[in-house]
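# Results of the structural survey
Each chain, letter by letter, is given below.
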Amino acid sequence: MKPRNKTLGYLIPVFALCVFMLVIYGAYVPHKPAEIQRVVCIKFKPGTSGETIEKHMRDFATLKNNVKDVVAYSAGKVEKSKADGEQFDVVHYLTFRTKEGADEYVADSDRLDFVKANEANWDKVLELNSNIQK
């Protein structure tokens, strides 16, 4: 065997072992947990079209990309029942790594632009931050 082939023969298993160790390390290293969840409930004005509501949902979902501490985002339309009195139409859930991240989100210029562009369609809005219990 030539010296070059012999060196390559040793490096391939070492490289594979290093990759395996990095994968295992990434799977077991504790990550910083999320601290704050923000819930945004919105009631649209009567007569707001379904297309406008869908555009609102898409545009709100893109806001999560603008703040670095957003860990998770989900949203949905409220299931109507007699108990809630149909107070809200949609709910957005944002999870933040830190309270500072949640504060940055509130002051984010893209979020403020989104609010200006859509608030004419909103009847009422409820926004709450809560600590995530561990």
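I will try to describe carefully the structure that is included in this document.

The rules behind the values
Residues numbered from 1 in each chain as written. Predicted model: local features only at pLDDT ≥ 70, side-chain atom pairs only at ≥ 80, totals over all residues. Heavy atoms only, no water. Helix = DSSP H or I, 4+ residues; strand = E, 2+ residues; numbered from the N terminus. Buried < 20%, exposed > 50% of the residue type's maximum accessible area, 1.4 Å probe, protein only. Areas by Shrake-Rupley, 256 points an atom, 1.4 Å probe, with all protein chains shown as cover. Patch = residues over 30% accessible without salt bridge, like charges linked within 9 Å, V, L, I, M, F, W, Y side chains within 5 Å. Salt bridge = Lys/Arg side-chain N within 4 Å of Asp/Glu carboxyl O. Polar contact = N/O pair within 3.5 Å; in protein donor to acceptor, adjacent residues only side chain to side chain.

### What to know about the overall build of the chain
Tallying secondary structure elements over the chain gives 4 helices and 4 strands in all. Expressed as a percentage of the 134 residues in the chain, the buried residues total 27%. Carbon and sulfur atoms make up 59% of the accessible area of the chain, which totals about 9,500 Å².

### Concerning a nonpolar patch on the surface
A contiguous nonpolar surface patch, about 400 Å² in accessible area, is contributed by Leu 17, Phe 20, Met 21 and Ile 24. Mapping Leu 17 onto the fold places it in helix H1 (residues 3-28). Taking the relative accessible area as the measure of exposure, Leu 17 reaches 48% and is therefore partly exposed.

### A look at the side chain of Thr 98
Along the chain, Thr 98 falls in the loop between strand S3 (90-96) and helix H3 (99-107). Within the local environment of Thr 98, its side chain forms a polar contact with the backbone nitrogen of Gly 101, the two atoms lying 3.0 Å apart.

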